[in-house]
Structure formats: C-alpha cells, structure tokens
Amino acid sequence: MNYISTRGGGTALRFQDAVMTGLADDGGLLIPAAIPNVRDRLNDWSGLDYKNLAFEILRRFSDDLTDHELRELIVRSYNTFRHSEIAPVLAAGPVHICELFHGPTLAFKDIALQFLSNLYEMILHRTGGRLNILGATSGDTGSAAIHGVRGRNGINIFIMFPKGRVSPLQELQMTTVTDANVHCIAIEGTFDDGQRIMKNIFSDVPTKDRLALGSINSVNWARVCAQIVYYFFAAFTVMRRTKATEVCFAVPTGNFGDILAGWYAAKMGLPIRRLILATNENDILARFFNTGEYFSGKTVPTISPSMDIQVASNFERFLYYRTGSDPARLRDLMAGFAKNGTLTVPLVNGLVDPLFRAGVGDTKQTLDTIFRYHRNHSTLVDPHTAVGINVAERVLEPDAPTICLATAHPAKFPDAIKMAIGRDVARHAVLEELKNKPARSVTLPATEDAIRAYVEAHAR
Ligand SMILES: *Cc1c(COP(=O)(O)O)cnc(C)c1O
C-alpha cells in the first residue's frame, strides 16, 4: 500500500515511511492511495478474535511489514490490555456499548498508541535511528503515548497539554511518569494552540528532519488504521448476537480521528448504516455535518475535556474524499479556511454525507445520560461515552443496532460521575496509585518559539 498527501505534494510513501513522516511534507495528511475492498472476506473474518482480526485488517495497509513482524507487533500491543477480548461489547438498554478502555491508561487511545509505539521501536531498531516525538493532547493521547514509549531506547517524547484544562487524573497520568525520556509541557493555552504549534513545527521540514521528529497525534496514519479494527470487531460481535445485517456506530468526537476510522471501515465494506457523530458544546463538527459550514468558535471547557477541540486535524482527510479526491480543490478550501476561518461544502438532499448523523450532547444531557444508564441499566459510563449515547438515543434505527463506543473508563472522570449520580463510585486501582507519586512538568507559553526552543534544548 502506498500513501499520498491530501494536498497532492511529494512522492508516494510505503507504510513504514508514512508512519515515520507523520504529517506530509506539504502540510497535508497522508492517506492510503486506495481503500481496500474486503466485502468478500466478511464471512470468514466474522468469528476471529481481536488479534487475528487486527492482523487481517492491518496487513492490507502495511504490506511492507512481514507477516511475522506484524503479528509480533499486534501481540505485544494487545497483551498489555486487561480484558481478554480487548474490546468487549455489552448490551445496555437500547444500545450496545463497546468498551475500548481496557488498555494501560484506561482510554481508547491505547488501542492505537500501543501499536504505534511498538511500531516505532521496531523501525528504529532496524534502522539504528532515533526519534523525538512531539505531540499535543487534550488529555488522553498524552498519557497513552507516554505509557507507550516510556523508557524505550532511542525515543524521546514531548507532550504539550493545556494547563488547567485536562482533568487532574489525566494530568497525573502524564506527569507521574518520570522516565528520563518523557517531557510533559503545560502550555498556557488550549489544545488547539498546541495542535497548531505542533503542525507548524512539523511543516518546517528541515527542522523536522534535523530533530528526527515523529508524531503520535491522529495525523499519524498508524493511529487511524489501528482504530479501524474495533469497528469490524464490534460489528461482527453485535451482528452475531442480534442476527442484524447492518449496524450503526455512535462516536464521541473531538479531533475526528476515531470516527474517521469508522468511515474507512464503511468504505472497506463493513455494513455500517450510520455513523453518529456526537460532540459536546464544542460543536464545530456537528454544525458542519448539519449545515455544510465549517467555522471554529472559541473552545469552551466541558466535563468531557478530551473533546474540547474546535479545529479537528483529521477533518482534512474526510474533506479530501468529500471534494472528489481532488488535491487542488482541497488546497483551495484549506487556504480559504486558513485565511477566513471558514469553509463550506454544498449539501446533497440537505446533508453533507448520508452516512453521517450529527448532534450535540450538552452538559446537562450528558449528566442525565450517566445518571439514567447507572440507574436503569447498571452501567457506569464516562462523560465522553455519555455524549455519544445521548446523541445516539435520538436517532435509533429499528433494524440496525447501535454500538456506542465507550472511549474512557469512568474512573478517569470522577468529578463528572459524582455530579451525575451524587456519589463517588468511579474508582480504578491504576488511578488510585497515582495520587501519591511524585510529578514532573514544565510550564511554557503557548508559542511556537517557546516550544521549539525547549525541544531543541532537550532533544537527543
Ligand atoms: C480522544 C478522545 C475522544 C475523541 O476522539 P477523536 O479521535 O479526537 O475524535 C473521545 N473520548 C475520549 C475519552 C478521548 O480520549
């Protein structure tokens, strides 16, 4: 499989080079040159366990790895999970819930970042190279990436997080990892500031090459492709149980990485009737799918902080396909957005894309959903998952069951749980341990110069 830039520049890359490159050199995002069609494999795959299914799907995107290498990567990545099924699916009231939070840091980011970290290590081991990872986090990516690469040879990691805007536990999950190769940077700004700084530094190709910069954000294709697997796994599980022939997925969305993986799964041939895109009050994506207009507002802090995002980096991949896979048209749209802060795509029958339904779950609705699922269905969901369930409940289809992706363990957000049900019932031993550990981070202004200088000074 070759990878090309959404903006049409550069030469095609193989999978491993695409992973090492992260953001394409012309500022675009890397996408597979073709989307594999696996419709004739669905029957054979429907009974596979998670790791074997991951192998079948990922090998279609990474044919420059040997089968043996890919199997090793998958086994090493998912052996760290605390649940034997990796992504178990439970029924809860009118929906099914796919739990993606059984990895080391209790959020779905582990699914892709365990894989990406092992992949980085394997490639560096072969080439004898080094890597300085620079990433921005709205809360969960940072800790998942840090846990993926802590203590590994040849890898240094720099994570920017918005000071005071991640939950206290999310912060401790990063700052209590005191390995010498880990650098946590609290920036005096928002996640969008961090992501913009990161993209600017990556677009400076000489600096990127000199510092051997690598990306763990979902601009990195390896993340999207590892996430495609659980759409297949959850759909097969629910279709087997319910005898349905199609499913819907509800996805709490911030950076459009998770739901984009669902879009690829659908294009590969998985029978997905609808992708239900759910946002919190930071609703740029929900507004876009309902009106065709994409313009960012101010980021507001919510009880689902990992979705407090107004400029979704992966959106460019979707936009590329939506504008007819035409890099010139995409470049125009992105240039217009950079200049005016807005872009528009025409609606077809009142929709941007018939596969998507989009809605907002606000704070009150989110708390109510947590309360109801706890009381009525004995299921405790975290506030991100609750946003997805809340929007899903408005668009249920009688004959296509809805699978809500549970993106974090509720214990990561004890304050929201307490607000919703009045009691502090969300606990996890992994998080309890953090409270007494020493923490380490630096605070820097949210400017490209400050971050660049810090990385230059501490890079290997
Ligand atoms: C990152 C994250 C999301 C949003 O995922 P995107 O890929 O950014 O859309 C939702 N919930 C949780 C818990 C997250 O960590």
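That block above? That's the structure.
Residues numbered from 1 in each chain as written. Predicted model: local features only at pLDDT ≥ 70, side-chain atom pairs only at ≥ 80, totals over all residues. Heavy atoms only, no water.

A. Main features of the nonpolar core. Core analysis: the biggest nonpolar cluster contains 113 residues, and Tyr 231, Phe 232 and Phe 249 have the highest contact counts within it. Of all the elements, helix α10 (residues 221-242) adds the most residues to this core, at 16 residues. Apart from the residues within four sequence positions on either side, Phe 232 is in contact with Val 38, Leu 42, Trp 45, Leu 53, Ile 57, Ala 265, Met 268 and Leu 270. (Core = buried A, V, L, I, M, F, W, Y, C linked by side-chain atoms within 4.5 Å. Buried < 20%, exposed > 50% of the residue type's maximum accessible area, 1.4 Å probe, protein only. Helix = DSSP H or I, 4+ residues; strand = E, 2+ residues; numbered from the N terminus. Contact = heavy atoms within 4.5 Å.)

B. Focus on the pattern of salt bridges. Evaluated as defined, the whole model comprises 27 salt bridges. Arg 14 is the partner of Asp 63 in a salt bridge, and the nearest nitrogen-oxygen pair spans 3.0 Å. Of this pair, Asp 63 sits in the loop between α3 (50-59) and α4 (67-78) while Arg 14 sits in strand β2 (residues 13-14), placing them 49 residues apart in sequence. Since its relative accessible area comes to 34%, Arg 14 is described here as partly exposed. Ionic pairing is found between Glu 448 and Arg 452, a salt bridge with its closest N-O pair at 2.8 Å. Of the two residues, Glu 448 and Arg 452 are both situated in helix α19 (residues 448-458); the distance of four residues between them amounts to about one turn of the helix. Residue classification places Glu 448 among the partly exposed positions, given a relative accessible area of 25%. Put simply, Glu 246, Arg 273, Arg 274, Glu 397 and Asp 399 are held in one network by salt bridges that share partners. (Salt bridge = Lys/Arg side-chain N within 4 Å of Asp/Glu carboxyl O.)

C. Representation of the packing of helix α15 (residues 363-377) against helix α17 (residues 414-421). Packing of α15 against α17 brings their axes to within 8 Å, and their N-to-C directions diverge by 70 degrees. With respect to each other, α15 and α17 are oriented roughly perpendicular. Along the contact surface, α15 presents Leu 367, Ile 370, Phe 371 and His 374, while α17 presents Ala 416, Ile 417, Met 419, Ala 420 and Ile 421. Here the residues of the contact of α15 with α17 sort into eight nonpolar, one polar and no charged. (Axes fitted to C-alpha atoms, helices over the stretch in contact; angles between N-to-C directions. Parallel < 35°, antiparallel > 145°, perpendicular 65-115°, else oblique. Nonpolar A, V, L, I, M, F, W, Y, C, P; charged D, E, K, R; others polar.)

D. Quick look at the side chain of Asn 118. Inspection of the secondary structure assignment puts Asn 118 in helix α5 (residues 109-127). Separated by 3.1 Å, the side chains of Asn 118 and Arg 152 make a polar contact. Apart from residues no more than four positions distant in its own chain, Asn 118 is found in contact with Leu 73, Arg 76, Ser 77 and Arg 152. (Polar contact = N/O pair within 3.5 Å; in protein donor to acceptor, adjacent residues only side chain to side chain.)

E. Broad picture of the environment of Leu 134. Within the fold, Leu 134 resides in strand β6 (residues 131-136). Look at Leu 134 and you get buried, because its relative accessible area is 0%. The spacing of Leu 134 and Asp 415 is 281 residues in sequence and 30 Å in space, taken between C-alpha atoms. In contact with Leu 134, other than residues within four places in its own chain, are Phe 158, Met 160, Met 198, Ile 201, Phe 202, Leu 213, Gly 214, Ser 215, Asn 217, Ile 451 and Val 455.

F. Quick peek at the pairing of β6. Across the six residues of β6, six count as buried, placing the element largely inside the fold. Residues Leu 131, Ile 133 and Gly 135 point to one face of β6 and Asn 132, Leu 134 and Ala 136 to the other, with burial holding for every one of them. By the bridge criterion, six bridges tie β6 to strand β7 (residues 155-162) in an arrangement that is parallel. Note on β7: the bridge partner recorded for Gly 135 is Ile 159. Crossover β6 to β7 through helix α6 (residues 140-149) is right-handed. Sheet topology note: the β6/strand β9 (residues 213-214) ladder contains two bridges and is parallel. (Pairing = 2+ DSSP bridges. Right-handed = clockwise from strand over helix to strand, strands pointing away.)

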